[in-house]
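Structural features, examined
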Amino acid sequence: LDVLEKSPGVLVDVNGNISLKGKQGVLIYIDDKPTYLAAPDLANYLRSLSSGSIGSIEIMTTAPAKYDAAGNAGIINIRLKRVKTTGFSGGVNLSYGQGKYSKSNNSANLSYRLNKINLFSNISYNIGNFFQDLYINRTYFNNSAQLSSAFNQNTYIKMQNEGANAKLGMDYYLTKKSTLGLVLTGFSNKSNNHTANQSVISDQNLAVQNKVSAMSPMKRSFSNGSANLNYTLKLDEKGKELSFNSDYLQYGSEINQSLLSSTYAPDGSFLSKSNLVSNLPATIKITTAKADFTLPLKNKAKFEAGAKASFIRTGNIANFYDEENNTLSPNYTFSNSFNYRENINAAYLNYNFSKNKLSVQTGFRLEN
């Protein structure tokens, strides 16, 4: 996430939302594969991904037709390092930062290649501590421009994220022109957020009328496991290539949170309290298969074509409870269950060329 913040045209706000040249809804790809993550989960994942494991970042304000049509705001493709040196090679990155709180970002890239087999891996472990200290002071006036009331609020948010990522892969060179590959990836992220809020409401004479104290601890766990099977066939030495990829991904997350609000009189005496407790588990299962064909042409031109099918199943449960006298009772106003299934079949054609200072790209994509 720190690398993206420094990339041209990319803006990352305080909540980890990513925009490209002012446009929201940017799609993030890892090694040409979409992450399928909502903004908060994506931010936590990118925080746990070590910058030392990144080989390059491709920023596409206008994405080619080979990418999913959803990326109207642009696509950022993060390519992880993949060493192909013969024998054993690797590197280790360790970092520590200290502000008000500490953070550490550590990773290792290892590979071993012998004869027809190439083994590679990326492993990282990271801990980050962040905070927000927000003050809001509002004054309200009536139609005669006289002060009618005032509202003062302080919110302090302490966030701790811990993440581990692993990628293990193998390439087997069947012939000089064909390669069969298997890649296994997974990550586990845990975060603890604690929000403390103090609010004071005053009248037109700035006399305190009400005080509200709110505490909101939240624990979040998020994990992923995926498997990729791929095959690449080089049809000639000029770059003509045919490739096949099949993927299976499964995400699991759970959020446990409570919102405890207490109200006090101007003299500080206790008036009332309420506590809303929530448990939010979710699962995502994704199966995809695609085939791509690349044909280099004269004068640095290139033609691409391909097809893709994806199946997504999502299950979300929102369990809310009201706590009173240490007893939980279901809150049916907020509770909900949401199940979603999606199947997208797509095919695309893409052509691009460049000459001198001119670069032209045109494409067509059909999705059902």
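Residues numbered from 1 in each chain as written. Predicted model: local features only at pLDDT ≥ 70, side-chain atom pairs only at ≥ 80, totals over all residues. Heavy atoms only, no water.

This part covers unusual backbone geometry. In the Ramachandran plot, alanine 145 falls in the positive-phi region, its phi being about 65° despite a non-glycine side chain. Among the structural elements, alanine 145 can be located in the loop between strand E9 (117-141) and strand E10 (147-173). The exposed category is assigned to alanine 145, whose relative accessible area is 61%. With a phi angle near 65°, asparagine 326 is a residue other than glycine that sits in the positive phi range. For asparagine 326, the position within the fold is in the loop between strand E15 (302-324) and strand E16 (327-330). (Helix = DSSP H or I, 4+ residues; strand = E, 2+ residues; numbered from the N terminus. Buried < 20%, exposed > 50% of the residue type's maximum accessible area, 1.4 Å probe, protein only.)

This brings us to the environment of asparagine 126. The topology assignment puts asparagine 126 in strand E9. Looking at asparagine 126, the relative accessible area reads 4%, which means it is buried. Taking the C-alpha atoms as reference points, asparagine 126 and glycine 163, 37 residues apart in sequence, are found 5.3 Å from one another. Not counting residues up to four positions away in its chain, the partners in contact with asparagine 126 are Arg47, Ser48, Leu49, Ser50, Ser104, Asn105, Asn106, Asn161, Glu162, Gly163 and Asn165. At a separation of 3.1 Å, a polar atom in the side chain of asparagine 126 contacts the main-chain amide nitrogen of asparagine 106. (Contact = heavy atoms within 4.5 Å. Polar contact = N/O pair within 3.5 Å; in protein donor to acceptor, adjacent residues only side chain to side chain.)

What follows deals with the sheet that holds strand E5 (residues 54-60). Taken in spatial order, the four strands make up an open sheet running E4-E3-E6-E5, and their pairing is mixed. Each end of this open sheet is capped by a strand with a single partner; those strands are strand E4 (33-34) and E5. Bridge count between strand E3 (residues 27-30) and E4: two bridges; the pairing is antiparallel. The residue of E4 that forms the bridge with isoleucine 30 is lysine 33. (Pairing = 2+ DSSP bridges.)

Between two aromatic rings, the relevant description is the distance of the centres plus the angle of the planes. As enumerated under the stated definition, the model contains eleven aromatic pairs in all. Ring geometry for phenylalanine 187 and phenylalanine 222: centres 5.5 Å apart, planes at 50°, overall tilted. Separated by 35 residues along the polypeptide, phenylalanine 187 in strand E11 (residues 178-202) and phenylalanine 222 in strand E12 (residues 208-234) bring together distant segments of the chain. In this structure, phenylalanine 187 and phenylalanine 222 share a single accessibility class: buried. Considering the side-chain rings of tyrosine 264 and phenylalanine 270, the 5.9 Å spacing of their centres and the 70° angle between planes classify their relative orientation as edge-to-face. Taking relative accessible area as the criterion, tyrosine 264 reaches 26% and is therefore assigned partly exposed. When its relative accessible area of 47% is taken as the criterion, phenylalanine 270 is described as partly exposed. The ring of tyrosine 67 has lysine 66 lying over it, and the distance from NZ or CZ to the ring centre is 5.9 Å. A cation over a ring is seen here: lysine 158 above tyrosine 101, with NZ or CZ 4.3 Å from the ring centre. (Phe/Tyr/Trp six-rings, centres within 6.5 Å; stacked < 30°, edge-to-face > 60°. Lys NZ or Arg CZ within 6 Å of the ring centre and 35° of its normal.)

Applying the stated criterion to the full structure yields eight salt bridges. Among the salt bridges present, the one from arginine 365 reaches aspartate 68, with a minimum N-O distance of 3.1 Å. Taken together, the positions of arginine 365 in strand E18 (residues 358-367) and aspartate 68 in the loop between E5 and strand E6 (75-80) put the pair 297 residues apart, joining distant regions of the chain. The exposure class of arginine 365 is buried, given its relative accessible area of 18%. Across the pair arginine 365 and glutamate 367 runs a salt bridge whose closest N-O atoms are separated by 2.9 Å. One network of salt bridges, in which partners are shared, links Asp68, Lys308, Arg365 and Glu367. (Salt bridge = Lys/Arg side-chain N within 4 Å of Asp/Glu carboxyl O.)

Now for the environment of serine 89. Relative to the elements of secondary structure, serine 89 occurs in strand E7 (residues 87-98). With relative accessibility at 17%, the residue serine 89 sits in the buried group. Counting along the chain gives 20 residues from serine 89 to asparagine 109, while the straight-line C-alpha distance between them is 8.3 Å.

Quick look at the layout of surface pockets now. Its volume calculated, the second largest pocket comes out at about 670 Å³. Lining the second largest pocket are 41 residues; nearest its centre among them are Leu1, Asp2, Arg47, Lys103 and Phe130. At six residues, E9 tops the list of elements feeding residues into the lining of the second largest pocket. (1 Å grid on protein atoms, 1.4 Å probe; cavity = no way out; pocket = protein on both sides within 12 Å on 5 of 7 lines; lining within 4 Å. Points joined across faces, edges and corners; volume = space filled by probe spheres on them.)

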